[in-house]
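Coordinate analysis (summary)
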Amino acid sequence: MRIARIRLHEVRVPLVHSFQTSSHRKSSLDHILVEMVDADGVTGWGEIASPADPYYCSETTDTAWLVATRYLVPRALEAEWERPEELETAWARIRGHEFAKAGFVGAAWDLWARRAGMPLARALGGERTQVRAGVSLGIEPTIDALLAQVEHQLAAGYHRVKLKIAPGWDLEPVRAVRAAHPDIDLHVDANGAYPSDDETIAYLARLDELRLTMIEQPFAPRDLTGHARLQQRMSTPVCLDESVVTLDDLRTMLALDAGRVLNIKVSRMGGLTVARAAHDLATAHGILVWCGGMHEFGIGRATNVAISSLPGFSLPSDVSGSDKYYARDVIVPPVVAHDGTVTVPSTPGIGYEVDTAWIAENRLRFLDTAE
Ligand code: OSB
Ligand code: MG
């Protein structure tokens, strides 16, 4: 089959609570929604969840727009394909730009699953009917403000809390949260903010006393050996996020024993197909996996719910309900978490209706290949 028409919608949605990581703060997000329509009028949706600025990774919304319009759209329209994996070969020679590719891969999988009348989760080989969801909390101005956020999320039913840390905002706030909640599933994420020198490694090893589920990406993305040295010194499992963009990175992680946990982000790895392969490879080697988020709007969020239904996603994923981030999402109904779990949809494709009116209202840029 062929794709007859593609529309790209760059959409800005405000966050209900601004979010600060070790590198930057944001109060709204600009993501690009990919709408693919086949010759029979069946539509698939995907989301390019690249951050607007190059602080998490080198891609931005603008680079994604450029790569999508100049390279991905023309190749996708030319391709003759039956399965999403075949469509991906159309852009196999384009290096990098995983977020941009992930949006197209997601749209292709949604389209394929809708044509097959199958829920996306099942199309991917998912088995769970419910997935466990955790929340990720940004750096707050004060420890009291952080404690209030934790209370708020526990009251909303979540059982796993991830805290962003950075030099100057680590042992003290994490100790305060642990003291207030001795039994919760707690983990920390530094987004690569620490140097991997011996002194810092000794300092981070003190986190062991706080019984964290993991410490995520303390060092720079390419610093796999630094993570391996930390894992040797620490009993808390080290989790890699930014370091693992390709399956080769994952093989390096395994060869170096650079961590015991993998955060699988569909966007970071170039889409659902690679993310699923990462799940298979990591779990075959005893690495625990979970699905990380990029504050996705509903389309990407639904994709994350679907992949989290694979059997190996044994730790809670960053698939909190839409309301943690957005007052109104781009899908109806929004993703809803009850008591920290999200029900995997059983209707075809991503399993949610796309709110095209809301998308049009919030659109910053638009491309329609039929115009
Ligand atoms: O490192 O996991 C991260 C958001 C933006 C950039 C990096 C990260 C995050 C999150 C988001 O933690 C969590 C979520 O989407 O729920
Ligand atoms: Mg992370």
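Computed from a predicted model, the values in this text were never measured in an experiment. (Residues numbered from 1 in each chain as written. Chains lettered and ligands numbered in written order. Predicted model: local features only at pLDDT ≥ 70, side-chain atom pairs only at ≥ 80, totals over all residues.)

For the protein, the helix and strand inventory stands at 12 helices and 16 strands. In terms of overall size, the protein behaves like a compact globule, its C-alpha atoms giving a radius of gyration of 20 Å where 371 residues would be expected to give roughly 21 Å. C-alpha extents for the protein along the principal axes are approximately 60 × 40 × 35 Å. Burial statistics for the protein: of 371 residues in total, 53% are counted as buried. Expressed as a percentage of contacts within the protein between residues at least 6 apart in sequence, the contacts between residues at least 24 apart total 71%. (Helix = DSSP H or I, 4+ residues; strand = E, 2+ residues; numbered from the N terminus. Rg over C-alpha atoms; globule rule 2.2 N^0.38 Å. Buried ≥ 20, exposed ≤ 12 C-beta atoms within 10 Å, placed from the backbone. Contact = placed C-beta atoms within 7 Å.)

Okay, the domain arrangement of the protein next. Assigned domains within the protein: domain 1 (3–117 + 355–368) and domain 2 (122–343). The distance between the C-alpha centroids of domain 1 and domain 2 comes to 23 Å. Taken together, the 34 residues of domain 1 in the interface contact 32 residues of domain 2. Mapped onto the side of domain 1 that touches domain 2, the elements with two or more residues apiece are strand E1 (3–20), strand E2 (25–38), strand E3 (43–48), helix H2 (84–88), helix H3 (98–115) and helix H12 (356–361). When residues of the side of domain 1 that touches domain 2 are assigned to their parent elements, the largest contribution, 9 residues, is made by H3. Of the residues contributing to the side of domain 1 that touches domain 2, the split by class is 21 nonpolar, 7 polar and 6 charged. (Domains from an automatic or database assignment. Nonpolar A, V, L, I, M, F, W, Y, C, P; charged D, E, K, R; others polar.)

Right, let's get into the site of ligand 1. The immediate surroundings of ligand 1 are formed by Thr21, Tyr56, Ser136, Asp189, Asn191, Asp241, Gly292, Gly293, Met294, His295, Asp318 and Ser320. Its residues assigned to classes, the shell around ligand 1 comprises 2 nonpolar, 7 polar and 3 charged. (Near = placed C-beta within 6 Å.)

With that out of the way, let us pick up the sheet that holds strand E14 (residues 341–343). The strand order E4-E14-E13 describes an open sheet built from 3 strands, whose pairing is antiparallel. Because the sheet does not close on itself, it has two edges, and the strands there are strand E4 (130–132) and strand E13 (337–338). As paired elements, E4 and E14 share 3 bridges and run antiparallel to each other. When the sheet's bridge partners are listed, Val131 is paired in E14 with Val342. (Pairing = 2+ DSSP bridges.)

Now for the pairing of strand E6 (residues 160–164). Along E6, 5 of the 5 residues are buried, which leaves the element largely enclosed by surrounding structure. For E6 and strand E7 (residues 185–189), the ladder comprises 5 bridges, and the chain directions are parallel. Bridge pairing in E7 places Arg160 opposite Asp185. Following the backbone out of E6, through helix H6 (residues 171–180) and into the adjacent parallel E7, one traces a crossover that is right-handed. (Right-handed = clockwise from strand over helix to strand, strands pointing away.)

Now for the confidence of the model for the protein. The predicted model of the protein averages 97 in pLDDT, with 100% of residues at 70 or higher. The complex prediction reports pTM at 0.97, with the ipTM value standing at 0.96. (pLDDT = per-residue confidence, 0-100.)

Where helix H1 (residues 61–78) contacts H3, the axes come no closer than 9 Å and their chain directions differ by 45 degrees. As summarised for this structure, H1 and H3 are arranged oblique, according to the angle between their axes. The hand of the H1/H3 crossing is right-handed. Here Ala64, Val67, Ala68, Leu72 and Ala76 of H1 come into contact with H3, specifically with Phe99, Ala100, Lys101 and Phe104. Looking at the contact of H1 with H3, its residues break down into 8 nonpolar, no polar and 1 charged. (Axes fitted to C-alpha atoms, helices over the stretch in contact; angles between N-to-C directions. Parallel < 35°, antiparallel > 145°, perpendicular 65-115°, else oblique. Left-handed = near helix turned anticlockwise from the far one by under 90°.)

To continue, consider the sheet that holds E2. Ordered in space as E3-E2-E1-E16, the 4 strands form an open sheet in which the pairing is antiparallel. Each edge of the open sheet carries a strand with a single partner, namely E3 and strand E16 (363–368). Adjacent strand axes in the sheet meet at a mean angle of 20 degrees when their direction is disregarded. Bridging between E1 and E2 involves 13 bridges; their strand directions are antiparallel. Residue pairing in the sheet places Leu8 in a bridge with Val34 of E2. Where H3 meets the sheet, it contacts E2 and E3, and its direction lies at approximately 155 degrees from that of E3.

Let us look at the nonpolar core. Within soluble globular proteins, side chains that are nonpolar tend to cluster in buried spots. The biggest cluster of nonpolar side chains holds 108 residues, and the ones touching the most others in it are Val34, Ile48, Ala68, Ala108, Leu262, Ile299 and Ala306. Of the domains in this structure, domain 1 (3–117 + 355–368) and domain 2 (122–343) are the two that each give at least three residues to this core. Contacts of Val34, omitting those with residues within four sequence positions, involve Ile6, Leu8, Trp45, Gly46, Ile48, Gly103, Phe104 and Ala107. (Core = buried A, V, L, I, M, F, W, Y, C linked by C-beta atoms within 7 Å.)

The next thing to look at is helix H11 (residues 298–308). H11 sits mainly inside the fold: 11 of its 11 residues count as buried. For H11, the complete set of buried residues consists of Gly298, Ile299, Gly300, Arg301, Ala302, Thr303, Asn304, Val305, Ala306, Ile307 and Ser308.

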